[in-house]
Amino acid sequence: EIWNPRTGKWKRDKKMRVPRNYHSVALLLKDGRIMTAGGGLCNKCKVNHPDAEIFVPPYLLLKNGKPAPRPKIVSASSTIVPGKRIQVRIDSSALHTFALVRTGAVTHSVNNDQRRIPLRVVSRRGTTFTLDVPKNKNVLIPGTYFLFVMNSVGTPSVAKMLYYNPGVQ
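A quick note: this is a predicted structure, and the numbers were derived from the prediction, not measured.

With respect to the overall build of the protein chain
No. 1: From N to C terminus, the protein chain includes zero helices and 14 strands.
No. 2: Along its sequence from the N terminus, the protein chain presents helices and strands in the succession β-β-β-β-β-β-β-β-β-β-β-β-β-β.
No. 3: Taking the principal axes of the C-alpha coordinates as reference, the protein chain spans close to 55 × 45 × 25 Å.
No. 4: Burial statistics for the protein chain: of 169 residues in total, 31% are counted as buried.
No. 5: Only carbon and sulfur atoms are counted for the fraction: they give 54% of the accessible area of the protein chain, which is about 10,800 Å².
No. 6: Side chains of the protein chain give 28 positive and 8 negative charges; the mean places of these two sets differ by 6 Å.

Structural notes on the packing of aromatic side chains
No. 1: All told, the structure shown has two aromatic pairs when counted by the stated rule.
No. 2: Relative to F129, the ring of F98 lies with its centre 5.1 Å away and its plane at 55 degrees, an arrangement referred to as tilted. Of this pair, F98 sits in strand β8 (residues 97-102) while F129 sits in strand β12 (residues 128-132), and the two are 31 residues apart along the sequence. The two residues F98 and F129 agree in class, both being buried.

Quick look at the sheet that holds strand β5 (residues 52-55)
No. 1: Taking strand neighbours across the sheet as the criterion, the three strands line up as β3-β4-β5 in an open arrangement whose pairing is antiparallel. Two strands close off the open sheet at either side, each with one partner strand: β3 (24-28) and β5. Taken over all neighbouring pairs, the strand axes of this sheet differ in orientation by 15 degrees on average, direction set aside.
No. 2: The pairing of β3 with strand β4 (residues 34-38) spans five bridges and is classified as antiparallel. If you follow L28 over to β4, its bridge partner there is I34.

Section: the nonpolar core
No. 1: Within the largest apolar cluster, 20 residues are counted, with the highest numbers of intra-cluster contacts made by I80, V88 and L100.
No. 2: Among the secondary structure elements, those contributing two or more residues to this core are β6 (73-76), β7 (85-90), β8, β11 (116-125), β12, β13 (143-150) and β14 (160-164).
No. 3: In this structure, A99, V101, F148 and A159 belong to the second largest nonpolar core, which totals six residues.

Rules used throughout
- Residues numbered from 1 in each chain as written.
- Predicted model: local features only at pLDDT ≥ 70, side-chain atom pairs only at ≥ 80, totals over all residues.
- Heavy atoms only, no water.
- Helix = DSSP H or I, 4+ residues; strand = E, 2+ residues; numbered from the N terminus.
- Buried < 20%, exposed > 50% of the residue type's maximum accessible area, 1.4 Å probe, protein only.
- Areas by Shrake-Rupley, 256 points an atom, 1.4 Å probe, with all protein chains shown as cover.
- Lys, Arg positive; Asp, Glu negative; His and termini not counted.
- Charge placed at Lys NZ, Arg CZ, Asp CG, Glu CD.
- Phe/Tyr/Trp six-rings, centres within 6.5 Å; stacked < 30°, edge-to-face > 60°.
- Pairing = 2+ DSSP bridges.
- Axes fitted to C-alpha atoms, helices over the stretch in contact; angles between N-to-C directions.
- Core = buried A, V, L, I, M, F, W, Y, C linked by side-chain atoms within 4.5 Å.

Next comes the structure, spelled out in structure tokens:
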């Protein structure tokens, strides 16, 4: 299923080829695809699944199945600090949205650390955007994040990795 934040509804997509149950993993990749792996021990499973699949969400594709045009991050800081601003340069001056997504930490098919944090655009000068990083350290917890930029139809860039280390301010 795919969540649409604009409509507030879930939409069913194609089924996975292999059931991914207990001890499975689903991780968002830097390029916006999703890797699912492992699993087994279900009622009808005869074996465990020491394999993986890559899911390509429809928002990465045009209606003809070819890759959709994507924004590109040209440059950005590699570190983030709660309450500070960051500058991100992209390949277009059109309006875009930005979000941090904490990299996954999955065990027993539960991803406790995944979170998406929208970033507010404070200013835009040409292709350089200044973004507010949340102050709340319960929202922005230490660790590694993907920075995504989304175009007007919601297609994400390939992410840039950003790091929040509270010992480095």
